[in-house]
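# Geometric and topological summary
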Amino acid sequence: IGGLVASSLNNDLNKITIVDVGENLKKIKNNGLKILWNDKTETIDNFSACTDNYADISEIQDYIFICTKENQLLDISKNCKKISDKKTTFVVIQNGIPWWYFFKKLDEKSDNLNLQTLDPTREIEKNIKKDQIIGGIAYPSAEILEPGIIKHIEGYNMYFGEILTDQPTKKDLFKEIFNKPKLKITFTRNIRMHIWIKALGNLSFNPISALTQTTLEELCENELLNKLVKKLMKEGIKLANSVNIYPKV
């Protein structure tokens, strides 16, 4: 997903630094990032810099896109302190409930709302300030065919939104950096609803697929599994409703 985003941001106006590791980083650095899109087109993107060491980045960044798993966030947030300031916007693209989920007002005390499983020491919260966060939800699916080459399987929709209700919107400024993107970018006023919509699929399809070794298509076509998926989704909707989220599905 980070690769798809980087490609969609890559234009003459943006100076992009890629942070990655291993053979993937080496290939992107030497050959560019190749993406095989599902519309049968290919793109190859070269970037201003590619590194695995934050110390190599000398400039304060306007935007930092974080497209990783939750368990990597603490180390990333520590490293990002070196390349960010109060004007930097952190765009966090993840599945599931994020550590910032209950941060809804700038001056709100969130001591009793901290998600212990996600940010037990509150270090992420200290390193990435709530008024600098834009939440992101990605619907595209993709896989790394080999280092430096991404296969886009399906989906183009990505949703972004500010997490604070009392923040002036960054919508226009944010959309400017995506200049004719390959992805379909929507800036929403209710990013939390989209978190739950994505979660409905994850909490139902994913575990059943893992247990039965079936594809999404097979899950939908099998009558018994289809009923089970719907039952799990309805349970998920009830849970969302309990925290005043009403998914439009």
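Owing to the predicted nature of the structure, the values given are computational and were not obtained by experimental measurement.

### Section: the overall build of the chain
When its secondary structure is counted, the chain shows 8 helices and 11 strands. The C-alpha atoms of the chain give 19 Å as radius of gyration, which agrees with the globular expectation for 249 residues (18 Å, within 12%). The principal-axis extent of the C-alpha atoms belonging to the chain is close to 55 × 50 × 30 Å. Sequence separation of at least 24 residues holds for 70% of the intrachain contacts in the chain that already meet a minimum separation of 6. Carbon and sulfur atoms form 51% of the exposed surface of the chain, whose accessible area is close to 14600 Å². Distance from the positive charge centre (35 side chains) to the negative charge centre (32 side chains) of the chain: 4 Å.

### Overview of empty space enclosed by the protein
Scanning the entire structure with this criterion turns up 2 cavities of 30 Å³ or more. Here the largest cavity defines a volume of roughly 40 Å³. What lines the largest cavity is Val92, Gln94, Gly96, Pro98, Trp100, Gly136, Ile137 and Ile195. Empty space within the second largest cavity amounts to approximately 30 Å³. Taken together, Lys130, Asp131, Gln132, Ile133, Ile134, Glu162, Leu164, Gln167 and Lys170 form the lining of the second largest cavity. Across the lining of the second largest cavity, the residue classes break down as 3 nonpolar, 2 polar and 4 charged.

### Remarks on the state of the cysteines
Under the defined criterion, the tally for this structure stands at 0 disulfides. Looking at Cys80, it has no disulfide partner, and the nearest cysteine sulfur is the one in Cys67, 11 Å off.

### Side note on helix α2 (residues 22–31)
Listed in full, the buried residues belonging to α2 are Asn24, Leu25 and Ile28. Axial view of α2: buried residues confined to an arc of 95°, hence all on one face. α2 presents Gly22 and Asn30 as exposed residues on the side facing more than 90 degrees away from its buried surface. Looking at the buried positions of α2, the neighbouring elements they touch are β2 (33–36), β4 (49–51) and β8 (141–146). Trailing α2 by a residue or two, Gly32 shows a phi angle of about 85°, which is positive.

### Some thoughts on unusual backbone geometry
Positioned with a positive phi, Lys40 is a non-glycine residue whose angle comes to about 75°. Note that Lys40 resides in the loop between β2 and β3 (42–45). With phi around 65°, Asn244 is a residue other than glycine that occupies positive phi space. Residue position: Asn244 is located in the segment after α8 (223–242). The exposed category is assigned to Asn244, whose relative accessible area is 59%.

### Considerations on the side chain of Arg192
As for its position among the elements, Arg192 is in helix α6 (residues 191–212). By relative accessible area, Arg192 is classed as buried at 8%. When residues no more than four places from it in sequence are discounted, the contact partners of Arg192 are Trp100, Tyr101, Phe103, Lys104, Ile163 and Ile245.

### Some remarks on the nonpolar core
Ile66, Trp99, Trp100 and Ile133 are the most contacted members of the largest nonpolar core, which totals 28 residues. Top element by residues in this core is α6. It accounts for 5 residues. Discounting chain neighbours no more than four positions away, the residues touching Trp99 are Glu70, Leu73, Val92, Gln94, Leu115, Leu118, Asp119, Ile124, Glu125, Ile128 and Ile133. Val5, Ile35, Phe47 and Phe160 belong to the second-largest nonpolar core, a separate cluster that totals 27 residues.

Conventions we followed
- Residues numbered from 1 in each chain as written.
- Predicted model: local features only at pLDDT ≥ 70, side-chain atom pairs only at ≥ 80, totals over all residues.
- Heavy atoms only, no water.
- Helix = DSSP H or I, 4+ residues; strand = E, 2+ residues; numbered from the N terminus.
- Rg over C-alpha atoms; globule rule 2.2 N^0.38 Å.
- Contact = heavy atoms within 4.5 Å.
- Areas by Shrake-Rupley, 256 points an atom, 1.4 Å probe, with all protein chains shown as cover.
- Lys, Arg positive; Asp, Glu negative; His and termini not counted.
- Charge placed at Lys NZ, Arg CZ, Asp CG, Glu CD.
- 1 Å grid on protein atoms, 1.4 Å probe; cavity = no way out; pocket = protein on both sides within 12 Å on 5 of 7 lines; lining within 4 Å.
- Points joined across faces, edges and corners; volume = space filled by probe spheres on them.
- Nonpolar A, V, L, I, M, F, W, Y, C, P; charged D, E, K, R; others polar.
- Disulfide = S-S within 2.5 Å.
- Buried < 20%, exposed > 50% of the residue type's maximum accessible area, 1.4 Å probe, protein only.
- Arc of directions from axis to C-beta.
- Core = buried A, V, L, I, M, F, W, Y, C linked by side-chain atoms within 4.5 Å.

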